[in-house]
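Observations on chain architecture
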Amino acid sequence: MNDTEKERIPWIIMTAPGRDSKERVTFASLIQHGVNPKNIGVFKNIDLKTTTDTRPYQKIITEQILQGLFPMALTMINRRNAPGFYFIEDNTLLKQNFKNHYLFGNKITWLGWLKNLATYTVGSKLLYFPKHIVERIVRDKNKIPLGHTDRVFRNYGLKNNELYISPTSEIAIHTATSDIGTEKEKAAKAKIKNKFAAPNPRIPMSLFKRSGKK
């Protein structure tokens, strides 16, 4: 994939109500590392504090991603005639210019994770999805088993022999705190995230104003 093709790839920041500051941190990092602000979209997931859905929160979040974020991604891909899209979670920072990322054109390329184990990859922080996989996920979104997003992505890629996990994680984390899960789960997440902690990127406010961010 050449640089011209990469420049057309849209980015979607996955966030949620009440996480505006974490969304802005990721937005700023993308700009800092060469992403065109016009190629950045934002998907706000469900508000877990107000939802009446009693299912495990992992299933609720992932369902919204499959039902809402991926159709949004396909629209952005088609509009830009792009080969795929980047999925990035809020509060995530890039470590290098996005053009330096190695992408498998025919596989899900997992670029940002917190822990990569033999049987489980923790943290769906930054992934690239090629167009043909996005199209299939949109088509089959009601059939994909729900669970932790990282587990769902990993299982889907392995099932279809379409997964490449980068040997090094190409991201950093702005703050190590987590506001999802039990107190025990939050503490465990924070412990992992501390290994990836990085300062807030400094971006001129003029870039935010031109892109509509405040």
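Residues numbered from 1 in each chain as written. Predicted model: local features only at pLDDT ≥ 70, side-chain atom pairs only at ≥ 80, totals over all residues. Heavy atoms only, no water.

**Re helix H2 (residues 20-32)**
Threshold: To qualify as a helix, a DSSP run of H or I must reach at least 4 residues; to qualify as a strand, a run of E must reach at least 2; elements of each kind are numbered from the N terminus. Multiplying one less than the number of residues by 1.5 Å gives the expected span of a helix. Buried residues are those whose accessible area, probed at 1.4 Å on protein chains only, stays under 20% of the maximum for their type, while exposed residues exceed 50% and partly exposed ones sit between those limits.
With 13 residues, H2 extends 18 Å between its outermost C-alpha atoms, agreeing within 8% with the 18 Å of an ideal straight helix rising 1.5 Å per residue. Among the residues making up H2, those that are buried are Lys22, Glu23, Val25, Thr26, Phe27, Ala28, Ser29, Leu30 and Ile31. Of the residues flanking the end of H2, it is Gly34, one or two places downstream, whose phi is positive at about 95°.

**So, the packing of aromatic side chains**
This is how the line gets drawn: Each Phe, Tyr or Trp ring, with Trp reduced to its six-membered ring, pairs with another whose centre is within 6.5 Å; inter-plane angles below 30 degrees give stacked pairs, above 60 give edge-to-face pairs, and intermediate values give tilted ones. Cation placement over rings: the criterion is NZ of Lys or CZ of Arg within 6 Å of the ring centroid and within 35° of the ring normal.
Scanning the entire structure with this criterion turns up 12 aromatic pairs. A ring pair is formed by Phe129 and Phe153, whose centres lie 5.1 Å apart and whose planes are at 70°; its orientation type is edge-to-face. Of the two residues, Phe129 sits in strand S8 (residues 126-130) while Phe153 sits in helix H5 (residues 149-159), which places them 24 residues apart along the sequence. Here Phe129 matches Phe153 in class, with each residue buried. One residue, Arg151, lies across the ring of Tyr120, its end atom 4.4 Å from the ring centre.

**Quick notes on the pattern of salt bridges**
A side chain with one charge may pair with a side chain of the opposite charge, provided their charged atoms come close. Selection criterion: Each salt bridge in this description consists of a side-chain nitrogen of Lys or Arg and a carboxyl oxygen of Asp or Glu lying within 4 Å of one another.
One pass over the full model with this rule turns up 9 salt bridges. A salt bridge links Arg19 to Asp90, with the nearest nitrogen and oxygen atoms 2.6 Å apart. Of this pair, Arg19 sits in the loop between strand S1 (11-15) and H2 while Asp90 is found in the loop between strand S3 (84-89) and strand S4 (92-94), placing the two residues 71 residues apart along the sequence. The two residues Arg19 and Asp90 agree in class, both being buried. With a shortest N-O distance of 3.3 Å, Lys44 and Glu23 are connected by a salt bridge. On the criterion of sequence distance, the pair formed by Lys44 in strand S2 (residues 40-44) and Glu23 in helix H2 is long-range, its members being 21 residues apart. Its relative accessible area of 41% is what places Lys44 among the partly exposed residues. For Glu23, a relative accessible area of 7% gives the class buried. Salt bridges here are not isolated pairs; linked through shared partners, they connect Asp20, Glu23 and Lys44.

**Things to note about the packing of helix H3 (residues 57-80) against H5**
Helix-helix packing is described using two parameters, namely the angle between the two axes and the distance between the axes. Put simply, the test is: Axis angles are defined between N-to-C directions and span 0 to 180 degrees, where every axis is a line fitted to C-alpha atoms and, for a helix, only to the segment in contact. Oblique is the label for any angle not under 35 degrees, not over 145, and not in the 65 to 115 range, which are roughly parallel, roughly antiparallel and roughly perpendicular in turn. By the convention used here, residues are in contact when the closest approach between their heavy atoms is within 4.5 Å. Side-chain classes follow a simple rule in which Ala, Val, Leu, Ile, Met, Phe, Trp, Tyr, Cys and Pro form the nonpolar group, Asp, Glu, Lys and Arg form the charged group, and the remainder, Gly included, forms the polar group.
Where H3 contacts H5, the two axes come as close as 9 Å, and the packing angle between them is 60°. Taken together, the axes of H3 and H5 lie oblique to each other. Of the residues in H5, those touching H3 at Ile61, Thr62, Ile65 and Phe70 are Thr149, Val152 and Phe153. The residue inventory of the contact of H3 with H5, partitioned by class, reads 5 nonpolar, 2 polar and no charged.

**Observations regarding the nonpolar core**
Here is the rule: Buried residues of nine kinds, namely Ala, Val, Leu, Ile, Met, Phe, Trp, Tyr and Cys, make up a nonpolar core once their side-chain atoms join them within 4.5 Å.
One finds Leu69, Phe70, Phe85, Phe87, Phe129 and Val134 to be the most contacted residues of the largest nonpolar core, which totals 31 residues. Secondary structure elements with two or more residues in this core: S1, H3, S3, strand S5 (108-112), S8, helix H4 (131-139), H5 and strand S9 (163-165). At 10 residues, the largest contribution of residues to this core is made by H3. In this structure, Val35, Tyr86, Leu111 and Tyr128 belong to the second largest nonpolar core, which totals 21 residues.

**Describing H3**
Note on helix geometry: an α-helix contains 3.6 residues per turn, so any two residues three or four positions apart are oriented the same way. Selection criterion: What the bend at a residue measures is the angle between two axes, fitted to the seven residues ending there and to the seven starting there.
Across its 24 residues, H3 extends 33 Å between first and last C-alpha, which sits within 8% of the 34 Å expected from 1.5 Å per residue. Of all bends in H3, the biggest is about 35°, found at Ile65. Phi turns positive one or two residues past the end of H3, at Asn81, with a value near 50°.

These results come straight from atomic positions and should not be treated as a statement about function.
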